[in-house]
Amino acid sequence: MHMDLDTFFVSVERLLDSRLEGKPILLGGVSDRGVVASCSYEARAFGVNSGMSMKMARQLCPEGLVIRGNSSNYMKYSDMVTEIIKETFPLYEKSSIDEFYVDMTGMDRFFGCLKMASESRKRIIRETGLPISFGLSENKTVSKVATGEAKPNNQIKVDMGMEKAFLAPLSIKKIPMVGDKTYQLLRNLGVKHIRTLQQMPPDMMEKVLGKNGLAIWKKANGIDHTPVLPFHERKSISTERTFDRDTIDVVKLKGILTAMAENLAFQLRRGNKVCATVTVKLRYSDFNTYTMQAQIPYTSADHVLIPKVMELFERLYKRRLLVRLIGVRYSHLVSGSYQMNMFEDSEEQIKLYQAMDKIRLRFGDRSVMRASGVEVRSIGRSNPFNGDAPILLANRRE
Amino acid sequence: MKFIVSTSTLLNHLQTVAGVVVSKPVIPILETFLFDIKNGELMICATDLETSMTTSIKVEADEDVTIAVPSKLCMDILRSLPDQPVTFSIDAGSNSIEIHSGTGRYKLAGQPGADFPKIPEVESEKSFSIKAEVLLNAITKTVFATGNDELRLNLTGIYVELKDDNLSFVATDANRLVRYRRTDVKPGVEHSFILPKKAANLLKSSLPDSEAEVKIDFNNANAFFGFNNTSLVCRFIDERYPDYNAVIPKENPNVLNIARGEFFNAVKRIAIVANKTTHQIRLKIAGSELTISAEDFDMSNEGLEKLQCDYTGEDIEIGFNSRFLMDMLNGMTTENIKFELSTPNRAGVILPQENEEGEDVLMLVMPMMLNNY
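As the structure is a computational prediction, the values presented were derived from the model and not from experiment.

Quick look at the packing of aromatic side chains now. All names here are of chain B. Scanning the entire structure with this criterion turns up 15 aromatic pairs over all chains. Each ring, one from F35 and one from F88, has its centre 6.0 Å from the other, and the planes form 45 degrees; the classification is tilted. Placement of F35 in strand β2 (residues 32–38) and of F88 in strand β7 (residues 85–91) is noted, with a sequence separation of 53 residues between them. Under the relative-accessibility criterion, F35 is labelled buried at 0%.

If you want it as structure tokens, here you go:
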């Protein structure tokens, strides 16, 4: 079963302020650079989608109310829903802040899947006040598509064996893997409905789209064997930032990178991890994006990571152009602690890290930091190692 | 011209110098051995331009000749022949080498001996001698701790420090350090150099474990090691060695006395369940009980061992890389050791309970930063 909270961010805002009921709402970055993270069904009527730039959304829907949103409220409500699902079902996967997969294998004998699912949906609506939809079927893909069809605030059950028939009349866009590019490609081939995909030989799909073609074909036929995974292991942690206004201020850029590198290093230490690869990402105002990465001995120490990030940035920032986005990523994560170096580390330094980490744990991520990063806002983040899937930002959605 | 030699004798000598030869060298001739025959003596040389080794054997030869022989082919042939005398026929004009065994004949293409790089002669400025077994022991006990990081070239060798009345060998990769000092060797000169890891390993595999004297001549750039019929010339690593004395803690108030074998075996067992990348283990000492534990969160494995020990000092919990600890405990030879500690963020020092005569061994290992919050 797949469950999805309808227009989650907007619904939370409506709970907090009932004046927003029934109005078109655009939620996301307030500046022109911002993107729409979530929008109400009233706004969707104007042609607005999540992921669209705020500037465009405003043009389409001039009477829309633009809200900035507050991520900590969303986390709180998301946790409330998670808590209910955790209590009700034996195995669940939280695939993003507002989406869940639940494995109900074997539950039929005791409760009846549909009955159980409907009851838990009603309970969520009753206890949190948030609208939620679900799709119940044999596997993850079909359930997810079904949830999309069920919305808003409703439920669908696709009976065993009916998966193909259920998918057939739908647009190929509804398949989770099909994005804009694939959609265009398939449309150019004359494929509009999933039915056509189902009838295509899998070899042909593979020829046209490579490995993904085969996966899409399987999904189109309602075949999906991926299990519901309760725990997501993080393979990397990263942070990035798009500027309201493109900048060429190197001091500012370095300050932001320092703050990012420092915060991520703290996340590593808090999660008891060390990393071996550092990547810096840079996007110029002309949208050309460059990344550069370096291998280092396993570490979680600020004084190794920050200079490495700086070095990569120096090597990457070659064009005298305005910068639109910068980001830092640590990957190759392994559980463990930092191995001290007798020539580079001193006891004071290690003690300083431990003391700073303690302060941060108690008073928050941004309670102690290097002065060069103090002006940078919106970098602190939640613990990336608690097993939840990363929070998908609207602009990164497929 | 021809010469006759026994396969096993020749192979033995070739194997001594073969360690120098690198695969896929910059210049192809470095993949060969130089055979230089003069007055019934065969000199075999191999070089990679940094390190060169030479060894010699008596052969029955009728003329003098020099030729470069392809190393791998030649050794493969000799290795597969039974022990017997073989005849080498060398035609210097066409650079061909023919090997006649009892039943077979093999013809190899060589290269002119004159093209082989000249082995540098060390214009000796200073020299001293040391017993082969002492040098062998010193290298064996230190070389494992040398670094592999090409960016820190100075740590990729053994630092040899000659003092008037003692001789120290130091190796470190910045995470652990070994200092092996001989107080019974008196070089009589004050000097220091960094011996590259490759040369050290070659010495380790070719030095006889005997009381034979090894003569060491050196200047600022090169050293010459002579023993038996073999000699090794190597270029030093031309870098500054870090001030290792500064990192050896002066005071370590907490002392753990423990049987080396027992400790080593416990660490070895616990290391099996430790994380395969970080090899992190935890030592917790409270009173007279030492708890060694490890947990691998990624795989959900964990293990714990409790040992009785003789400990004086405050209770402590400290993290180490089990590989480092095992290497060091393995490098110690005494039955009991002392493990000196101060705080969880400071180096631990492993010492033998009693040094063997003329020896002074000190091993140091940096802990891992444990977060206990």
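Right, picking up where we left off after that structure.
Here we come to helix α12 (residues 250–270) of chain A. Residues and elements named next belong to chain A. In a regular helix each residue adds 1.5 Å, so 21 residues correspond to 30 Å; α12 covers 30 Å between its end C-alpha atoms and thus fits that length. Across the 21 residues that make up α12, a large majority, 16, are buried. Among the residues of α12, the N-terminal cap falls to D249, whose side-chain oxygen and the backbone nitrogen of V251 are separated by 3.1 Å. Taken from the residues just after α12, N272 is the one with a positive phi, measuring 60 degrees.

Per the counting criterion, the structure on display carries 41 salt bridges over all chains. Put simply, E98 of chain B and R105 of chain B hold a salt bridge, and the shortest N to O gap is 3.3 Å. Residue R105 of chain B is classed as exposed on the basis of its relative accessible area of 53%. In this structure, a network of salt bridges that share partners links the residues E262, R269, D302, D357, R360 and R370 of chain A.

Quick look at the sheet that holds strand β12 (residues 157–162) of chain B now. Residues and elements named next belong to chain B. Taking strand neighbours across the sheet as the criterion, the nine strands line up as β15-β12-β13-β14-β27-β26-β25-β19-β23 in an open arrangement whose pairing is antiparallel. Edge positions in the sheet fall to β15 (191–196) and β23 (310–312), since each has one partner strand and no second. Taken over all neighbouring pairs, the strand axes of this sheet differ in orientation by 15 degrees on average, direction set aside. Relative to strand β26 (residues 348–352), strand β25 (residues 336–341) runs antiparallel, the two sharing four bridges. Following the sheet pairing, E340 is matched in β26 by V349. On the sheet, helix α3 (residues 132–142) packs against β12, β13 (167–172), β14 (176–182) and β27 (359–365) and is oriented at approximately 165 degrees with respect to β14. Across the sheet, helix α5 (residues 260–273) touches β19 (254–259) and β25, and the angle it forms with β19 is around 95 degrees.

Moving on, we come to helix α8 (residues 180–188) of chain A. Residue and element names in this part refer to chain A. Of all the residues in α8, the buried ones are T182, Y183 and L186. Along α8, the residues classed as buried sweep out an arc of 100 degrees about the axis, all on the same side. For α8, exposure combined with an orientation more than 90 degrees from the buried face picks out D180, K181 and N188. A positive backbone phi angle near 90 degrees is found at G190, which sits one or two residues after α8.

Further remarks concern the sheet that holds strand β4 (residues 65–67) of chain A. All names here are of chain A. Strand order in this open sheet of three strands is β3-β2-β4, and the pairing throughout is mixed. Strands with a single pairing partner mark the edges of an open sheet, and in this sheet they are β3 (36–39) and β4. Mean inter-strand twist for the sheet, computed between neighbouring axes without regard to direction, equals 25 degrees. Of the strand pairs in this sheet, strand β2 (residues 25–28) and β4 are connected by three bridges, and their pairing is parallel. Across the sheet, I25 pairs through a bridge with L65, a residue of β4.

We now examine the packing of helix α1 (residues 8–16) of chain A against helix α4 (residues 71–88) of chain A. Residues and elements named next belong to chain A. It is at 10 Å that the axes of α1 and α4 come closest, and there the two elements cross at 95 degrees. When the axes of α1 and α4 are compared, the pair comes out roughly perpendicular. Along the contact surface, α1 presents F8, F9, V12, E13, L15 and L16, while α4 presents N73, Y74, Y77 and S78.

Residues and elements named next belong to chain B. In the Ramachandran plot, K24 falls in the positive-phi region, its phi being about 55 degrees despite a non-glycine side chain. Judged by relative accessible area, K24 falls into the exposed class, the value being 78%. Phi is positive for N39, close to 50 degrees, though the residue is something other than glycine. Tracing the chain through its elements places N39 in the loop between β2 and β3 (41–47). On the basis of relative accessible area, N39 is assigned to the exposed category, the value being 70%.

With that out of the way, let us pick up the side chain of N257 of chain B. If you trace the backbone, N257 of chain B turns up in strand β19. Not counting the four nearest positions on each side in its chain, N257 of chain B is found in contact with C309, D310, I337, K338 and Q353 of chain B.

Turning to the pairing of strand β10 (residues 273–284) of chain A, a few remarks are in order. Residues and elements named next belong to chain A. For β10, a buried count of ten out of twelve residues is recorded, marking the element as mostly surrounded by other parts of the structure. For β10 and strand β13 (residues 334–335), the ladder comprises two bridges, and the chain directions are antiparallel. Across the sheet, the residue bridging to K273 is S335, located in β13. Across eight bridges, β10 lies against strand β11 (residues 289–299) in antiparallel orientation. Paired with C275 across the strands is T299, a residue of β11. Taking the residues between adjacent antiparallel strands as the criterion, β10 and β11 are bridged by four residues, where F287 takes a positive phi near 75 degrees. The sheet contact formed by β10 and strand β12 (residues 323–331) spans eight bridges and is antiparallel. Note that in β12 the partner of T279 across the bridge is R329.

As a further point, take the interface of chain B and chain A. Taken together, the contacts link 31 residues of chain B with 25 residues of chain A. Between chain B and chain A, the buried area comes to about 2,500 Å², and carbon and sulfur atoms account for 58% of it. With a closest N to O distance of 3.1 Å, E344 of chain A and R152 of chain B form a salt bridge. Secondary-structure elements contributing two or more residues to the side of chain B that touches chain A are β14 and β28 (368–369) of chain B. For the side of chain B that touches chain A, a count of residues per class yields 16 nonpolar, ten polar and five charged. Pairing of strand β14 (residues 338–339) of chain A with β28 of chain B, which is carried by two bridges, proceeds in the antiparallel orientation. Counterpart to Q339 of chain A in the pairing with β28 of chain B is M368 of chain B.

It is worth spelling out the side chain of T147 of chain A at this point. Residues and elements named next belong to chain A. Topologically, T147 is positioned in helix α6 (residues 140–150). Residue T147 is classed as buried on the basis of its relative accessible area, which comes to 1%. Within polar-contact distance, the side chain of T147 engages the backbone nitrogen of G135 at 3.0 Å.

What counts, and at which threshold
- Residues numbered from 1 in each chain as written.
- Chains lettered and ligands numbered in written order.
- Predicted model: local features only at pLDDT ≥ 70, side-chain atom pairs only at ≥ 80, totals over all residues.
- Heavy atoms only, no water.
- Phe/Tyr/Trp six-rings, centres within 6.5 Å; stacked < 30°, edge-to-face > 60°.
- Helix = DSSP H or I, 4+ residues; strand = E, 2+ residues; numbered from the N terminus.
- Buried < 20%, exposed > 50% of the residue type's maximum accessible area, 1.4 Å probe, protein only.
- Expected span 1.5 Å × (residues − 1).
- Polar contact = N/O pair within 3.5 Å; in protein donor to acceptor, adjacent residues only side chain to side chain.
- Salt bridge = Lys/Arg side-chain N within 4 Å of Asp/Glu carboxyl O.
- Pairing = 2+ DSSP bridges.
- Axes fitted to C-alpha atoms, helices over the stretch in contact; angles between N-to-C directions.
- Contact = heavy atoms within 4.5 Å.
- Arc of directions from axis to C-beta.
- Parallel < 35°, antiparallel > 145°, perpendicular 65-115°, else oblique.
- Buried area = accessible area lost by both parts, 1.4 Å probe.
- Nonpolar A, V, L, I, M, F, W, Y, C, P; charged D, E, K, R; others polar.

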